[in-house]
Structures are given as C-alpha cells and as structure tokens.
Amino acid sequence: MGITQILFWVLSAVALISAIMVLLSKNPVHSVLWLIMVFFAISGHYILLNAQFLAIVNLIVYAGAIMVLFLFVIMLMNLNTTTEPQKNLWLKLTGAVAGGCFMMMFVSLVRQAGDMQAKTAQVTDGNIGLIKNLGKALFSDYVVPFEISSVLFLSAMVGAVVIGKKA
Amino acid sequence: MILLSFDWMLAVEKLILIAVIILASLGIALYTTFAERKVAAILQDRRGPNRAGPFGLLQPLADGLKLFFKEDLIPNNSNKFLFILGPALAMTAALMTCAVVPFGDKAEVFGRTVTLQIADVNIGILYVFAVVSLGVYGIMIGGWASNNKFSLIAALRGASQAISYELAMGLSLIAVLMITGTLQLGEIVKQQMSGQWNIVYQPLGFLIFFICALAECNRTPFDLPEAENELNFGYHQEYSSMKMGFYLFAEYVNMIISSAVMATLFFGGYDLPFLDESTLPVNIAAIIGVATLLTKIVIFLFVFMWIRWTIPRFRYDQLMNLGWKKMIPLALANMLLTGAVILWLGK
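Residues numbered from 1 in each chain as written. Chains lettered and ligands numbered in written order. Predicted model: local features only at pLDDT ≥ 70, side-chain atom pairs only at ≥ 80, totals over all residues. Heavy atoms only, no water.

(A) Structural view of the overall build of chain A. Within chain A, the regular secondary structure consists of 6 helices and 0 strands. Reading the secondary structure of chain A in the N-to-C direction produces α-α-α-α-α-α. The C-alpha radius of gyration computed for chain A amounts to 20 Å, which surpasses the reference 15 Å derived for 167 residues by more than 25%, pointing to a less compact arrangement than a globule. When the backbone C-alpha atoms are referred to their principal axes, chain A occupies close to 50 × 50 × 30 Å. Counting over 167 residues, chain A shows a buried share of 24%. Partitioning the intrachain contacts of chain A with sequence separation of at least 6 by distance along the chain shows that 59% fall at a separation of at least 24. When the accessible surface of chain A is totalled, it reaches about 12000 Å², and 75% of it is carbon and sulfur. Of the charged side chains in chain A, 9 are positive and 5 negative; the average position of the first set lies 11 Å away from that of the second. (Helix = DSSP H or I, 4+ residues; strand = E, 2+ residues; numbered from the N terminus. Rg over C-alpha atoms; globule rule 2.2 N^0.38 Å. Buried < 20%, exposed > 50% of the residue type's maximum accessible area, 1.4 Å probe, protein only. Contact = heavy atoms within 4.5 Å. Areas by Shrake-Rupley, 256 points an atom, 1.4 Å probe, with all protein chains shown as cover. Lys, Arg positive; Asp, Glu negative; His and termini not counted. Charge placed at Lys NZ, Arg CZ, Asp CG, Glu CD.)

The structure is reproduced here in structure tokens:
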C-alpha cells in the first residue's frame with residue numbers, strides 16, 4: 001500500500017464520518033462545523049488527484065464563504081435542540097432506507113455509464129487540474145458555457161441588490 | 001531512507017522548517033506586543049514598559065506568564081467545546097498562512113539543498129486567500145459560544161467586516177496576478193528579483209491590499225469587533241487566561257504574516273535591492289534573504305502600529321461604505337486598468 005492509498009483511505013474515512021456526524025448532530029452549529037470537515041476531506045481528495053486549483057476553490061467558496069453565511073443565519077436564528085422540531089424515529093428510518101436505495105441505484109448507474117468504462121483516476125501525475133490547463137480548457141473549449149454561467153452570476157448579483165434595496 | 005516509496009528525509013526537513021517558522025512567528029509576535037507598547041509610548045511621549053529586565057525587554061515574558069497563571073473561567077451557559085475551539089481556530093488559521101511564504105531562496109545543510117519555503121504550491125496566492133477566509137471562524141465560533149450578546153454582536157461585526165474586505169483584497173490580487181502570470185509565491189519573488197518590484201506596477205493595488213490587510217487583522221481604524229467603549233471588550237469578552245491570550249496573540253501573528261505576504265507580493269520578498277544574490281555563496285545569500293524579509297516585515301509592523309496610535313476608529317456604517325462603495329469599485333478599476341495596459345503594451 002503506497003502513501004497515496006493510505007491518504008486516500010484516511011481522507012475517505014474522515015469525509016464519511018464527518019458527513020454522518022452532520023446528520024447526527026443535535027446542535028445545528030455542530031452540523032455546520034462537521035460539514036466544513038467534509039469539505040476539507042474532499043479538498044484533500046482533490047489534492048491527491050493533483051487538482052490543486054479545485055481543492056483550494058472548494059475551500060474558498062464552500063468552507064470560506066457559503067458556510068460562513070450558514071453560520072450567520074443559524075447563529076442569528078438561535079436554533080437549539082429544544083425548539084427544533086424532531087421527526088419521529090420511523091420517519092427517519094424510512095428516509096435512511098429510501099436514500100440508501102437511491103444511492104445504490106446511482107452508484108450502479110455511474111459504474112455502467114459509457115464514459116466511465118476503462119477509465120482510471122490519474123493519481124498525482126494528472127495535470128488537467130492545474131490552474132494553467134484548467135484556464136486554457138475553460139477559455140477555449142468551454143468558453144460559451146463559461147460565459148453563460150457568468151451571465152447567470154451577474155443576474156443573481158443584480159437580483160440580490162434589487163432585493164436589498166427594497167428592504 | 002525510503003519507505004513506502006517516499007523520501008522520509010524530506011518530511012523531516014519540512015517538519016523542522018515548519019517548527020522553526022512557527023516558533024519564529026510566535027517569538028516575533030511576543031516581541032511585537034512589546035514593540036506595540038513601546039511605539040505607543042513614543043508616539044504619546046511616554047516611557048512605556050521599562051521595569052522588567054533591561055529596557056523592559058522581559059515585559060512580554062512577564063505578560064505571558066501572567067496570562068498563564070490567571071484563572072481560566074468557562075461561562076456556565078456557554079457551549080464548552082466550541083468555547084475552547086474558538087481561540088484554537090483563530091491561532092491555527094493565523095499560523096497556517098506562513099506555509100507558502102518564501103522566507104529565502106535555498107540553503108545547504110549537511111549536503112542537502114533545502115528550500116526555505118514550506119510548500120511552493122501551484123496556487124500559493126489562492127492558498128493565502130483561502131486561509132484568510134477561514135480566519136473568520138475563530139471569531140464567529142468564539143463569539144457565539146460565549147453566550148453573551150456583546151460577544152455575538154462583535155463576532156457578527158468581525159465576520160461581516162472580514163467578508164466585505166476579502167472581496168476588495170481578492171480583486172487587488174487579481175491585478176498582481178495579471179502582471180506576474182503565476183500564482184506561485186516563490187516564482188513571483190524570482191520575477192521581482194530579476195525585474196522591478198511589483199509596487200512599481202501596482203501602487204494602487206498595494207494601497208487597496210494594505211487597507212484590506214488592516215481590516216482583516218482587525219487593526220485600527222477597523223478594530224470595531226473589539227470596540228471597548230460600545231461592546232465592552234468585543235468577541236473575547238468572556239474569555240480569560242491564555243484563551244484570551246490566544247485571541248490577542250493571533251492578531252499579532254496575523255499582522256506578521258500579512259506583512260510577510262505584502263512584502264512578498266509587492267516589495268520583492270527576500271530580495272535585497274542593488275545586490276546580485278546569485279554571485280554569493282548559497283548559504284550567505286540565504287541569510288541575507290531571510291534578514292531582508294525580516295527587515296521588511298518589521299517596517300510593515302511599525303506602519304501598522306503607527307496607524308493604530310494615530311487614527312481613530314471608523315463608525316460601523318462608514319466601515320461598510322468604505323468597503324463596498326469605495327474599495328471594491330477602486331479595486332475593479334485597478335483591475336481593468338491593469339488589463340488594458342497589459343493589452344496595450346502587448347505583453
């Protein structure tokens with residue numbers, strides 16, 4: 001077992017345990033903190049694949065920005081275990097079983113998909129995730145979707161400003 | 001020593017480097033608190049601390065010891081785990097940034113060539129940016145877990161201030177990137193060594209970055225999260241003993257690291273002007289490089305303190321207006337101008 005494999009298993013374990021803790025924590029603030037752990041573990045996976053740009057952008061956008069907003073909202077709403085409505089146990093169990101079935105179906109679909117056949121992950125030697133190659137791909141092959149998504153962001157920004165002005 | 005097809009000497013070398021850099025940052029931070037009081041004293045025509053040791057040089061040690069020996073109180077209604085996690089996160093985030101700062105070029109120790117940088121990653125600047133954006137958590141978690149309204153308000157102020165000024169900071173960094181064409185901090189320094197310092201091309205960008213760094217470090221005139229006359233003491237009001245010491249200390253570590261980043265990005269990093277380092281022996285050049293960077297850091301730290309003891313703090317709405325309505329448009333204009341000039345010169 002190489003060092004990459006050891007890191008892979010450790011990171012996967014951290015990601016899964018933290019993801020389960022997100023669901024199991026009674027305190028919503030703890031859930032947010034566990035979710036940040038999940039993002040860190042996933043960024044670790046990206047680094048193993050030598051996708052440094054994706055790893056760091058995942059941290060900046062999700063852990064650094066979106067989760068801060070989540071924390072803001074949760075802290076100001078002052079949620080705690082006594083005021084939070086608790087679903088009954090059977091409902092939770094049904095949810096878990098249904099979600100598990102959906103995940104099994106999803107995994108088998110992905111495994112059989114034509115795009116995934118005979119592909120292996122490029123561990124540590126792949127360089128498509130480096131910022132130079134990613135930038136070239138985004139601004140040459142995928143320039144139209146890229147620009148369209150930027151227009152989408154712009155409209156979201158304008159929308160936020162309009163809503164902010166109304167209040 | 002090769003085990004698991006991995007050069008463990010590299011790990012040892014990096015661990016030693018990490019330990020040295022962290023200890024050095026903490027040591028410098030210790031004496032920055034002393035320097036802060038001395039600078040304040042000079043600017044206010046006082047003597048400053050002069051009792052402990054010669055010229056009061058042992059004062060920071062006495063302060064540290066005092067903090068350690070104080071009773072460590074944890075409020076009854078606080079969230080205990082998060083209450084302890086808060087200062088720990090603040091300190092960790094402050095120290096993590098130094099991983100990508102190049103403190104010198106290379107040194108030769110026992111026949112090994114050691115790069116004086118913990119990790120010259122492909123995405124150095126973005127790494128700095130990510131860690132800065134994580135720094136908010138220490139303040140927010142600490143303020144919320146204290147279960148005190150003053151702390152919570154201060155924490156929210158601190159977080160929204162950090163988020164607002166991060167944007168302008170990122171935009172001013174983009175202009176630097178356009179000129180250097182790389183995100184690697186080591187490479188950026190090398191370019192400045194062979195050419196001009198980036199401050200020549202980016203004076204406005206540097207100004208924006210500097211103001212944002214003041215805001216990110218919660219320094220005057222942006223020290224609203226700890227405005228003692230309206231929020232009692234700010235987000236660390238409920239903290240005592242070394243936990244409060246950690247928060248105060250993290251601020252100084254942040255100042256040191258942001259000085260190092262500013263020196264690296266805009267002032268040539270470890271480059272001593274008018275000296276060709278490549279003609280010197282490797283180790284001498286390394287020592288000169290580290291000393292040069294430290295000098296630049298000390299100069300920046302003095303400017304930080306000078307500002308603190310000269311300028312009063314902003315009101316909260318003034319702070320937000322400055323951040324969103326002045327700094328961000330200015331940073332955008334700087335970015336567009338830089339892009340236009342680069343296109344015009346056809347570089």
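(B) Expanded view of the side chain of Q161 of chain B. With respect to the secondary-structure elements, Q161 of chain B resides in helix α6 (residues 149–180). Among residues more than four places away in sequence, those in contact with Q161 of chain B are A215, N218, F222, L224, P225, L319 and M320 of chain B.

(C) Quick look at helix α13 (residues 316–345) of chain B. All names here are of chain B. Its 30 residues place the ends of α13 42 Å apart at the C-alpha level, agreeing with the 44 Å of an ideal helix rising 1.5 Å per residue. The largest bend in α13 is about 30 degrees, located at L322. When we look at burial in α13, the residues that qualify are L319, M320, L322, G323, M327, I328, A331, N334, M335 and T338. Buried positions along α13 lie against α6 and α9 (203–216). One or two residues past the end of α13 sits G346, with phi positive at roughly 65 degrees. (Expected span 1.5 Å × (residues − 1). Bend = angle between axes of the 7 residues up to and from the residue.)

(D) Representation of the side chain of T182 of chain B in the model. All names here are of chain B. Along the chain, the position of T182 falls in the loop between α6 and α7 (185–194). A relative accessible area of 14% means that T182 is categorised as buried. For T182, the side chain forms a polar contact with the main-chain nitrogen of Q184, separated by 3.1 Å. Apart from residues no more than four positions distant in its own chain, T182 is found in contact with L177, E187, I188 and Q191. (Polar contact = N/O pair within 3.5 Å; in protein donor to acceptor, adjacent residues only side chain to side chain.)

(E) Here's a closer look at empty space enclosed by the protein. Residues and elements named next belong to chain B. All told, the structure shown has 1 cavity of 30 Å³ or more when counted by the stated rule. Taken as a whole, the largest cavity spans an internal volume of roughly 460 Å³. V132, G135, E216, C217 and N254 are, among the 31 residues lining the largest cavity, the residues nearest its centre. Among the secondary structure elements, those contributing two or more residues to the lining of the largest cavity are α3 (80–96), α4 (124–134), α5 (136–145), α6, α9 and α11 (241–266). If one sorts the elements of the lining of the largest cavity by residue count, α11 sits on top with 7 residues. (1 Å grid on protein atoms, 1.4 Å probe; cavity = no way out; pocket = protein on both sides within 12 Å on 5 of 7 lines; lining within 4 Å. Points joined across faces, edges and corners; volume = space filled by probe spheres on them.)

Spatial relationships are all this shows, so hold off on functional conclusions.
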